[in-house]
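Breakdown of the fold
Chain by chain, the residues:
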Amino acid sequence: MKVGILALQGAVQPHEEKLKELRVESVQVRYPEQLKEIRGIILPGGESTTMIHLLKLNQLWGPLKEFVQTQPTWGICAGSILLANEVTHPSQESLNALEITVERNSYGRQNESFIDTLVAGETWKTFSSDPKPIEGVFIRAPRIKKWSSNIQVVFEHRNEPVMVKKNHCLASTFHPELTDSSLIHKYFLTLCR
Amino acid sequence: MANHIVGTEMKLKTGLAEMLKGGVIMDVVNREQAIIAEKAGAVAVMALERVPSDIRKEGGVARMSPPEIVEEIMNAVSIPVMAKCRIGHFAEAMVLESLGVDYIDESEVLTPADEQYHIDKMDFKTPFVCGARNLGEALRRIGEGAAMIRTKGEAGSGNIVEAVRHLRTLRSQIRRLTTLGSEELMNEAKELGAPLALVQWVAREGKLPVPNFAAGGIATPADAVLAMYLGAESVFVGSGIFKSSSPEKLAHAIVQATTHYQNPKIVAECSKGLGAPMRGLDIHQLKAEERLSERGW
């Protein structure tokens, strides 16, 4: 099984290391034809405006939009912004895969970035019984302001969803790739298998 | 493990640098340029009063940008905004932190305020990037709390030669460390003038403990590609873009080339029709006191 990591810009390497640790082959995705050889894709953290620009410039926008509707996908931070069906602050285009409204840089700028423990929802508890709390690294993070009733909440922070799921598709506003745990990567791989 | 490179604060600081990897950070002097940079796909902008080539031409003391310019740029774009302060000028850094910039560049491009000491960067919540010419300099800055290193290159020269020298020096010094025995590292720390804990870390991991970007003299898409091949994880473009004949096109092209640095066909394609790059300077014609990279230690 090969898992793709969108590699136009951003924190690609930390995800590669996690997948390697879990003995899964990863491939850096920069061209549309590569979408045919992967079982799922990670849209990493980075700058969403840069990624949108490069997705369009490299004829990936359409094919990726189609891919994320049906194939295992996990968007992190900027990646979650790409997956939302509505983006605010400012409003921008998206791949329209999850019925959530995401506000960019919602906690503030870099000085407001923070690390805190997360509260697991039922979805997570059925996957893992590990009592060790999951740490969320939030960097100029977006916030999920609205979500439809068909969205499952995987993790919360201060009573707000910070990781959500619908069918094959995951979005987290924090960065599991920057922590020592690879549990969330393991969880994503269960969606790919 | 060195305290400098673990812990919550440092994880957040280097974390933002991780997000900027594979991208281009552009120098801008006003709102209009910031918007052009963001539209062209820049991952961040560096707010400053004058680009390095103008600082070089006009002379005088180069200082932190006026706060209203920094704020104007912060309000114009949604990407991270960095700003420069003078080496050792912690009061300028405090002003920039209070404005809420996302990264502070303690930069040799501005006139140094302190010829002996750099800023104690651990004291700040806002992360810092600092210039370095070699491993010792990089580790001294990281020891002071820098969360990102960039090569100094020779800013405002439009000439990549110094950035290449600094990238190559850093890379070969790191490689050498990995070949040494543990008993050799204390002497190496003495020779490099760098903290032992960081020397030990680099010897074990074979890389810098913080992201390593390139700056100073990048003027074309191929310049950015060369820097990426030599180990840079992102590039800063200063005077190169807005001193060229078609800034928008060049900005687009450098972004695309950085993403596809391993694909020469795409680099060739995006390098077409860019007009004249900035004219550039022969480094050997610069007098010692005109070399910005000699500032700091």
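Our subject is the structure listed above.
First things first, this report covers the structure right here in the doc. (Residues numbered from 1 in each chain as written. Chains lettered and ligands numbered in written order. Predicted model: local features only at pLDDT ≥ 70, side-chain atom pairs only at ≥ 80, totals over all residues. Heavy atoms only, no water.)

1. Examining the overall build of chain B
- Helix and strand counts for chain B come out as 13 helices and eight strands.
- Whereas a compact globule of 297 residues would reach a radius of gyration of roughly 19 Å, chain B reaches 18 Å, a difference of no more than 12%.
- With respect to the principal axes defined by its C-alpha atoms, chain B has extents near 55 × 45 × 40 Å.
- Relative to its full complement of 297 residues, chain B shows a buried share of 62%.
- Intrachain contacts of chain B at a sequence separation of at least 6 include 67% that bridge at least 24 residues.
- Here chain B displays about 11,500 Å² of accessible surface, and carbon together with sulfur accounts for 51% of that area.
- In chain B, 34 side chains carry a positive charge and 38 a negative one; their mean positions are 5 Å apart. (Helix = DSSP H or I, 4+ residues; strand = E, 2+ residues; numbered from the N terminus. Rg over C-alpha atoms; globule rule 2.2 N^0.38 Å. Buried < 20%, exposed > 50% of the residue type's maximum accessible area, 1.4 Å probe, protein only. Contact = heavy atoms within 4.5 Å. Areas by Shrake-Rupley, 256 points an atom, 1.4 Å probe, with all protein chains shown as cover. Lys, Arg positive; Asp, Glu negative; His and termini not counted. Charge placed at Lys NZ, Arg CZ, Asp CG, Glu CD.)

2. Describing unusual backbone geometry
Residue and element names in this part refer to chain A.
- Backbone torsion omega between H89 and P90 reads -10°, so that peptide bond is classified as cis.
- Within the fold, P90 resides in the loop between β5 (84–88) and β6 (98–103).
- Phi is positive for Q59, close to 55°, though the residue is something other than glycine.
- Looking at the secondary structure, you find Q59 in the loop between α2 (48–57) and α3 (61–70).
- A relative accessible area of 58% means that Q59 is categorised as exposed.

3. Digging into the sheet that holds strand β2 (residues 25–29) of chain A
All names here are of chain A.
- If you trace the eight strands from one edge of the open sheet to the other, you get β2-β1-β3-β4-β13-β12-β11-β8, paired in mixed fashion. Only two strands of the sheet have a single partner each, and these edge strands are β2 and β8 (119–120).
- In this fold α3 packs onto β1 (2–6), β3 (40–43) and β4 (73–76), with an angle of close to 115° to the strand it touches most, β3. (Pairing = 2+ DSSP bridges. Axes fitted to C-alpha atoms, helices over the stretch in contact; angles between N-to-C directions.)

Scope: geometric values only; no functional claims are made or implied.
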